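The lines below spell out each chain.
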Amino acid sequence: MPGRRRKTKVEPVASEVLIESIDTKITEVRTRTLDFSFNELVDMYKDEELIIDPEFQRLFRWTTGNQSRFIESLLLELPVPPIYLIERDDRVYELIDGLQRISSYLNFRGELVVDGEKNEPLELDDCDIVPELNGYKYAALPRALEIKLKRSYIRAEILRKESDPRLRYYMFKRLNTGGEELSEQEIRNATIRLLSNDFNKFIGELSLNEDFLYCVDPVPDTARKRKYLEELILRFFAFRNNLPAFRHDVADFLTEYMEAVSDPQDSTHPFDYEGERQAFEQTFKLLRAASEVNEGSFKLFGSVVPATGVSKNQFSVYHFDALSLGLQDLLTTVDASDKPLIERISAVIATGKVDPEFLKNTGPGKNDPAPLRARVKYFKEKFEAVVS
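Note that the structure is predicted; figures quoted are calculated from it, not measured.

**A closer look at the overall build of the chain**
Scanning the chain for helices and strands turns up 18 helices and 9 strands. By residue count, 48% of the 388 residues in the chain fall in the buried class. For the chain, contacts bridging at least 24 residues in sequence account for 72% of all contacts bridging at least 6. Element-wise, carbon and sulfur atoms account for 50% of the exposed surface of the chain, whose accessible area totals about 19,600 Å².

Following this line, the structure appears as structure tokens:
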């Protein structure tokens, strides 16, 4: 399963111990099942008794057609999957799975609030079973269909407040892993708050750093909307602090690192927020300075056409890793205002980007541990040579 914590191999435990462990975990989960009418859910949402986290709302991305067909399904009394809720200590419910369905209904009713404002009510379009529905808004529906929608119900599986918070986190991750709606980082950002939101907020703040944004300017808007900048920052810290442990799939590795630094009960990766912030800021201040020296001839993290050495306006995660991590041993010795030194660093970057020795460790299939370490080592040694 994506995101699974990998551990060293251990001998199987005795059957009775295994059964007892499972039974113990079962007793730590408290659940109940309720059926809610959609009208009840609207009232709960308006009264803030049902919370759709703002972070989730920004991830509401069903098309108009998908939303319309969901409303059509309700009117046709077709079965719909259950939603999953967490019960907080104050008895308020938080939605943890079912965002697209609940948001679609709220949107049709004209009640969905995004970024503090109500969306324009959905107008049905692309209904394919009853095309006569197309063009209708909720306010224009015949009274009988309006009542039918209000009385439509959906099953809700509720994790009670008495449940172990860490097990609630793992349940959320299992519900949301493997779907195609969210990127890996969107899933991490949404789920990790069930352990602690401190690290999540931290990388969110750093994603607004001007030097970092200058350096990753080629990243397209579509990737930014899917939390790719936050994933790059997570990648930076995970490799900076735990590179020797990277032995398998990079997505799993990043998830495991984010879990470790976010989980209050996990002390394997203590995280010095102030020290790490300084390292991040110094890294991208230096890289921005180097980029500005030679901006006309190369994009800092751009790809390179090997035949010409001309940079394309395309982001390369291989360059991101090599350059940002290759600088780490020099952060306390290199001053971004030292123009001659920055010019030498800039020249190293420009030369390295077309060096076959570096390029052989980039490209498809090169996101594995060995090529990554080789890329970082390449620029680490080149940077050290011009500084010494």
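**Observations concerning the packing of helix α14 (residues 273-293) against helix α15 (residues 317-326)**
Two numbers describe how α14 lies on α15: the axes approach to 9 Å, and their chain directions differ by 110 degrees. Taken together, the axis directions place α14 and α15 in an arrangement best described as roughly perpendicular. Taken as a pair, α14 and α15 cross one another with a handedness that is right-handed. Judged by residue contacts, T283, F284 and L287 of α14 engage F320, L323 and S324 from α15. Taken together, the residues of the contact of α14 with α15 sort by class into 4 nonpolar, 2 polar and no charged.

**A word on the packing of aromatic side chains**
This model, assessed by the stated rule, comprises 31 aromatic pairs. Taking the centre distance of 5.5 Å and the plane angle of 40 degrees together, the rings of F358 and Y378 count as tilted. In this pair, F358 sits in helix α17 (residues 356-359) while Y378 sits in helix α18 (residues 369-387), placing the two residues 20 residues apart along the sequence. The same class applies to F358 and to Y378, which are both buried. Arranged with centres 5.0 Å apart and planes meeting at 85 degrees, the rings of Y378 and F379 form a pair that is edge-to-face.

**A few points about the sheet that holds strand β7 (residues 153-159)**
Ordered in space as β1-β7-β3-β4-β2, the 5 strands form an open sheet in which the pairing is mixed. Only two strands of the sheet have a single neighbouring strand rather than two, namely β1 (31-37) and β2 (50-51). Note that β1 and β7 share 7 bridges and pair antiparallel. Among the inter-strand pairings, L34 is bridged to a residue of β7, identified as A156. Packing against the sheet, helix α2 (residues 38-46) makes contact with β1, β2, β3 (83-87), β4 (93-97) and β7, and its axis sits at approximately 100 degrees to β1.

**A look at the confidence of the model for the chain**
Counting all residues, the mean pLDDT for the chain is 84, and 81% of those residues have values of 70 or more. Counting interchain partners and residues more than four positions distant, the pLDDT-below-50 stretch residues 1-7 has 18 contacts.

**Section: the nonpolar core**
Of all hydrophobic cores here, the largest spans 59 residues; its most connected members are F199, F212, L232, F237, I345 and F383. At the level of secondary structure, the elements contributing two or more residues to this core comprise α9 (198-206), α10 (210-215), α12 (228-242), α13 (250-262), α14, α15, α16 (339-352) and α18. Per-element tally for this core: the top contributor is α12, with 8 residues. When sequence neighbours within four positions are dropped, the list of residues in contact with F199 reads L234, F237, Y257, M258, V261, S262, F271 and Y273. By size, the runner-up hydrophobic cluster in this structure holds 33 residues, among which are F70, I83, L112 and L124.

**What about the pattern of salt bridges?**
Considering all chains together, one arrives at 23 salt bridges under this definition. D126 is paired through a salt bridge with R69; the nearest N and O atoms lie 2.9 Å apart. With D126 in the loop between β6 (117-118) and α6 (143-151) and R69 in helix α4 (residues 64-75), this pair connects stretches of sequence that are 57 residues apart. Salt-bridge contacts for K360 lead to E357; the nearest nitrogen and oxygen are separated by 3.2 Å.

Here is what the cut-offs are and how they apply
Residues numbered from 1 in each chain as written. Predicted model: local features only at pLDDT ≥ 70, side-chain atom pairs only at ≥ 80, totals over all residues. Heavy atoms only, no water. Helix = DSSP H or I, 4+ residues; strand = E, 2+ residues; numbered from the N terminus. Buried < 20%, exposed > 50% of the residue type's maximum accessible area, 1.4 Å probe, protein only. Contact = heavy atoms within 4.5 Å. Areas by Shrake-Rupley, 256 points an atom, 1.4 Å probe, with all protein chains shown as cover. Axes fitted to C-alpha atoms, helices over the stretch in contact; angles between N-to-C directions. Parallel < 35°, antiparallel > 145°, perpendicular 65-115°, else oblique. Left-handed = near helix turned anticlockwise from the far one by under 90°. Nonpolar A, V, L, I, M, F, W, Y, C, P; charged D, E, K, R; others polar. Phe/Tyr/Trp six-rings, centres within 6.5 Å; stacked < 30°, edge-to-face > 60°. Pairing = 2+ DSSP bridges. pLDDT = per-residue confidence, 0-100. Core = buried A, V, L, I, M, F, W, Y, C linked by side-chain atoms within 4.5 Å. Salt bridge = Lys/Arg side-chain N within 4 Å of Asp/Glu carboxyl O.

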